[in-house]
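Survey of secondary and tertiary structure
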Amino acid sequence: MRPIRPGDRGPAVTEIRTVLAGLELLAPTDPKADEFDTATERAVRAFQQSRGLSVDGRVGAETWRALEAARWRLGARTLYHAVPEPITGEDVRSLQERLLEMGYDVGRADAIYGIRTSRAVAQFQREVGLTPDGACGPHTMNALRRLGRKVVGGRPQWLRESDAIRQSGPTLVGRTVVIDPGHGGTDSGVVVPDGPLRWTEADLAHDLASRLEGRLAASGVRVQLTRGPAPGECLPDTDRAQLANALGADVFISLHVDGHANPEADGVATYHYGTDNGVTSATGERLAGLVQREIVARTGLRDCRTHAKAWDLLRLTRMPAVRVEVGYLTSPDDRGRLVDPRFRDRVAEAIVAAVQRMYFPIERDVPTGSLDVSELRAVVAAGTVVD
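In what follows, the accompanying structure is described. (Residues numbered from 1 in each chain as written. Predicted model: local features only at pLDDT ≥ 70, side-chain atom pairs only at ≥ 80, totals over all residues. Heavy atoms only, no water.)

Structural notes on the pattern of salt bridges
In the structure shown here, the tally under the stated rule is 29 salt bridges. We note a salt bridge from arginine 93 to glutamate 90, for which the minimum N-O separation is 2.9 Å. With arginine 93 and glutamate 90 both in helix α4 (residues 90–101) and three residues apart, the pair spans about one turn of that helix. A single burial state applies to arginine 93 and to glutamate 90, both of which are buried. Between aspartate 340 and arginine 342 there is a salt bridge; the shortest N-O distance is 3.3 Å. Where salt bridges share partners, they join Asp207, Arg211, Arg215, Arg344, Asp345 and Glu349 into one cluster. (Salt bridge = Lys/Arg side-chain N within 4 Å of Asp/Glu carboxyl O. Helix = DSSP H or I, 4+ residues; strand = E, 2+ residues; numbered from the N terminus. Buried < 20%, exposed > 50% of the residue type's maximum accessible area, 1.4 Å probe, protein only.)

Observations regarding the sheet that holds strand β5 (residues 251–258)
For sheets, the rule is that strands pair by backbone hydrogen bonds, running either parallel or antiparallel. Judged by pairing direction, the sheet is mixed, and its six strands sit side by side in the order β4-β1-β5-β8-β6-β7 without closing on themselves. Edge positions in the open sheet fall to β4 (222–225) and β7 (303–309), since each of these has one partner strand only. Neighbour-to-neighbour, the strand axes of this sheet turn through a mean angle of 20°, independent of strand direction. Pairing geometry for strand β1 (residues 176–181) and β4, over four bridges, is parallel. Across the sheet, the residue bridging to valine 177 is valine 223, located in β4. Each of β5, β6 (268–273), β7 and β8 (321–328) touches helix α10 (residues 282–299); the most contacted strand, β6, lies at about 170° to it. (Pairing = 2+ DSSP bridges. Axes fitted to C-alpha atoms, helices over the stretch in contact; angles between N-to-C directions. Contact = heavy atoms within 4.5 Å.)

Observations regarding the pairing of strand β2 (residues 191–194)
Two strands pair when backbone bridges link them, and β2 and strand β3 (residues 197–200) are joined in this way by four bridges, in the antiparallel orientation. Across the sheet, valine 192 pairs through a bridge with tryptophan 199, a residue of β3. Hairpin connection, β2 to β3: the antiparallel pair is bridged by two residues, and glycine 195 has positive phi, about 65°.

Overview of the packing of helix α1 (residues 11–22) against helix α3 (residues 61–69)
Their axes nearest at 10 Å, the elements α1 and α3 cross at an angle of 50°. Judged on the interaxial angle alone, α3 and α1 are oblique. As for how α1 packs across α3, the hand of that crossing is left-handed. In this structure, α1 contributes Ala12, Glu15, Ile16, Val19 and Leu20 to the contact, and α3 contributes Trp64, Leu67 and Glu68. Taken together, the residues of the contact of α1 with α3 sort by class into six nonpolar, no polar and two charged. (Parallel < 35°, antiparallel > 145°, perpendicular 65-115°, else oblique. Left-handed = near helix turned anticlockwise from the far one by under 90°. Nonpolar A, V, L, I, M, F, W, Y, C, P; charged D, E, K, R; others polar.)

Notes on unusual backbone geometry
Cis rather than trans, the peptide bond between valine 83 and proline 84 has omega equal to 5°. Locating proline 84 in the fold gives a position in the loop between α3 and α4. Here the phi dihedral of alanine 111 falls at roughly 70°; this positive angle occurs in a residue that is not glycine. Positive phi values are uncommon outside glycine, yet histidine 183 reaches one of about 65°. Its place among the elements puts histidine 183 in the loop between β1 and β2.

Quick look at the nonpolar core
If you look at the biggest cluster of nonpolar residues, it comprises 49 residues, and the most contacted ones within it are Leu20, Phe47, Leu95, Leu99, Tyr113 and Leu144. Within the residue set of this core, elements represented by two or more residues are α1, α2 (38–51), α3, α4, α5 (115–127), α6 (138–146), β6 and α11 (312–315). Setting aside chain neighbours within four positions, we find tyrosine 113 in contact with Leu79, Tyr80, His81, Pro86, Ile87, Val92, Leu95, Ser118, Val121, Gly134, Ala135 and Cys136. Among the nonpolar cores identified, the runner-up in size contains 45 residues, and Leu172, Ile295, Ala350 and Leu376 belong to it. (Core = buried A, V, L, I, M, F, W, Y, C linked by side-chain atoms within 4.5 Å.)

As structure tokens, this is what we get:
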């Protein structure tokens, strides 16, 4: 959909204003008001910030879905596992976060009432003496309101995810990694003319993905890219996440290059799934930290740190997932590095090192920037696996 932006008018704007007013982000006004004015833009930005979305003040497809989900408050309707179209909404996410806080395993708080959420509700119902039907209706809601936190101290989801990583072993051989070069097709992303040349985010992201693919494959990893160098159209983020889930990927890495109106903006940033109230993908957060530190150490890019976001790409993937913004194409300094193939090689090796370190036990971890990626390839070439 075309983003709805300041200056637009119409029924869609009225609907947006109604939801924002219901969230108390916009003062109640004439319900027929259909202008995307300055106050509406500020409210949209506040909403995006609170939901971990990109804060641009426009309502694109992702912000629209978040606004649709925000209509629902926990307890306003009965929730259950519906097939084939599951129930989604802010009430589902609130329930998932409440169950996670109490120690139940719903997986990721993705606002989708799927089978894991239904099973967690049924487990809770059994423990409080209710019929374990996996549906969250009035009786289940009353029980949830009566009970305090089941787990005090620690992060049960973090413990579950960390244990799963530990149990899987330290080797990369046989793992599946999905690499997602951002944009593509009719969407070139950031575009910067440079004399007779024209640098695009889509092309640089695919080149970087190809270099990363080669190094991971040489380390014994099964690698799948979400797109080729010249796709006919840009694949939506929801489809990219579904592809990674369908492949049963162990890790998902999305590669982008940033841009800004200010040419002095520069540096690398890495994003993982997380919400405004602290719910996060523990392994995704750890992978983001490792990727960020390895790239900074090996390339000298400015450290713009890691950040939690609830983008569809990170929310809907079921495995540790990160999105990396590798420098600013609009920065003369960063651009000079990005267009150098040797620099892109260093970025690829940094990400390989980060993925390997994620699987190392804490006691076997190595200092940032010290892991020699060529040694991983040598182990595979020799036909041996280090325990």
